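Examination of the molecular architecture
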Amino acid sequence: MIHLKKTKLVKGITLAVGGILLAACAVQAQTIQEALKFTDNEQFETATRAYKSLLKGQPNNGDIYFFLGENYFKNDDVDSASFYYKKGIETSPNSPLNYIGQGKLFQFEGKTTEAKVQFDKAITMGAGKNIVVLLKVAEALIKAPQKDLDQAGKLLEIATKLDPKNPEVYILTGDMYLEKTDGNNAIANYKKAQDLDKTSVKAILRVGQLYGRAKNYTLALDKYQDAAKIDSSFAPAYREQGELYYMAKQYEKAKTKYKRYLDLAGNNFSAKQRYASFLFLNKDYKESIALFNELQKQDTTKNFVNRLLAYSLYETGDYPNGTAYINRFFSRASIEKTKLIASDYEYRGKLFSKTGKDSLAIIDLEEAIK
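Summarised in this report is the structure supplied together with it. (Residues numbered from 1 in each chain as written. Predicted model: local features only at pLDDT ≥ 70, side-chain atom pairs only at ≥ 80, totals over all residues. Heavy atoms only, no water.)

With that settled, the discussion passes to the overall build of the protein chain. Of the regular secondary structure elements, the protein chain holds 20 helices and zero strands. For a compact globule of 370 residues, the expected C-alpha radius of gyration is about 21 Å, and the protein chain comes in at 22 Å, within 12% of that figure. Structurally, the protein chain occupies a C-alpha span of about 70 × 50 × 40 Å along its principal axes. Looking at the 370 residues of the protein chain, the share that counts as buried comes to 52%. Put simply, 54% of the contacts in the protein chain that link residues at least 6 apart link residues at least 24 apart. Averaging the locations of the 55 positively and 44 negatively charged side chains of the protein chain gives two centres separated by 2 Å. (Helix = DSSP H or I, 4+ residues; strand = E, 2+ residues; numbered from the N terminus. Rg over C-alpha atoms; globule rule 2.2 N^0.38 Å. Buried < 20%, exposed > 50% of the residue type's maximum accessible area, 1.4 Å probe, protein only. Contact = heavy atoms within 4.5 Å. Lys, Arg positive; Asp, Glu negative; His and termini not counted. Charge placed at Lys NZ, Arg CZ, Asp CG, Glu CD.)

Pasting the structure below:
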């Protein structure tokens, strides 16, 4: 049994609409289902290859461009997502899904008026009866920083009437209630999804995350383990277990679960970044440095890597290289307008102190205190 202190568990819930493709996609259901499963499983690079393989056979299928864009969006690559949404519109202007992609980008930027134009266009093209369209618009309205939960609720009501036995409808409805901090209705909908599909690992994961938010960590762990038993390849279940074990200070178990997550997620950049961050938090600084250096070779544009690499180098006593990376981080942060946190100033101040720049160190440490 896991025992935890009442520490706030903050974990974003990944929304997905895999398994509901109906007539929206002209590709073979099984093939697109497999690609969607890769995305749900956070195997983003594998999913990318699957979608691009589909496009070779159907280069004019706008729906495949949309799901490829979605895959990039879930992997925090907004530029690539935007490229493929636009490509989908150019290739297949009669496909409604890519207009949702464009609308979602607007919604996440806070441009709600522009977003609504795109959403309304997609809904009209689907005659208000396309389940995938309704759910993807609702998802965007629920997930975006500037939400419209009432409108999302209306769309989900329509979707429920159109397809009352679709578990994905209830998962997304549960997500909506969760954003309204209505845990009772959220869990009721997640359990409804489970009743309709006993093997829905997403529904089980959602219940676990809800228990985690309610600080019932033992039940949360049970649900994550249940999800892993149903689908041993479902990577997010292992990530969640790893974070719970970390919070319980059961570090070896946490490390084992996170390593399993990394293996299942296909060692893609996003998964390795998560694991490297975990290693840093677990004070495995040498391992985290090795992995962050590997990430640097893959992609030099991720400033988050510069941040934690600098932190880790300080902790191992490599102050010159730590200083170089923290300076690189601050330089990029200024250009990219990255939000700076107290530990950024703290570590730069400590690195300055260790490299004989005491006056600069004092300035940064005072800023960290503020």
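Here the narrative resumes, following the displayed structure.
What follows deals with the packing of helix α4 (residues 78-91) against helix α5 (residues 97-108). Two numbers describe how α4 lies on α5: the axes approach to 8 Å, and their chain directions differ by 145 degrees. The handedness of the crossing between α4 and α5 is left-handed. Here Val 78, Ser 82, Tyr 84, Tyr 85, Lys 86, Gly 88 and Ile 89 of α4 lie close against α5, whose contacting residues are Asn 98, Tyr 99, Gly 101, Gln 102, Lys 104 and Leu 105. For the contact of α4 with α5, the class distribution of residues is six nonpolar, five polar and two charged. (Axes fitted to C-alpha atoms, helices over the stretch in contact; angles between N-to-C directions. Left-handed = near helix turned anticlockwise from the far one by under 90°. Nonpolar A, V, L, I, M, F, W, Y, C, P; charged D, E, K, R; others polar.)

The subject of this paragraph is the nonpolar core. In terms of nonpolar packing, the biggest core is built from 57 residues, with Leu 244, Tyr 261, Tyr 275, Phe 292 and Ile 326 touching the most fellow members. Every residue in contact with Tyr 275, bar those within four places of it in the chain, is listed here: Lys 255, Tyr 258, Lys 259, Leu 262 and Leu 291. Listed in part, the 48 residues of the second largest apolar core include Ala 81, Ile 89, Phe 119 and Leu 172. (Core = buried A, V, L, I, M, F, W, Y, C linked by side-chain atoms within 4.5 Å.)

The next subject is unusual backbone geometry. The backbone phi angle of Lys 249 is positive, close to 65 degrees, even though this residue is not glycine. Following the sequence through the fold, Lys 249 ends up in the loop between α13 (235-247) and α14 (251-264). Judged by its relative accessible area of 54%, Lys 249 is exposed. Backbone geometry at Lys 283 places phi at a positive 65 degrees, although glycine is not the residue there. Mapped onto the secondary structure, Lys 283 falls in the loop between α15 (269-281) and α16 (285-298).

In total, this model carries 23 salt bridges according to the counting rule given. For Lys 74, the salt bridge is made with Glu 139, and the minimal N-O distance between the two is 3.3 Å. One end of the pair, Lys 74, is in helix α3 (residues 62-74); the other, Glu 139, is in helix α7 (residues 131-143), and 65 residues separate them in sequence. Among the salt bridges present, the one from Lys 116 reaches Asp 120, with a minimum N-O distance of 2.6 Å. In this pair, Lys 116 and Asp 120 both sit in helix α6 (residues 112-125), four residues apart, roughly one turn of the helix. Through salt bridges that share partners, Glu 70, Lys 74, Lys 104, Lys 136 and Glu 139 make up one connected network. (Salt bridge = Lys/Arg side-chain N within 4 Å of Asp/Glu carboxyl O.)

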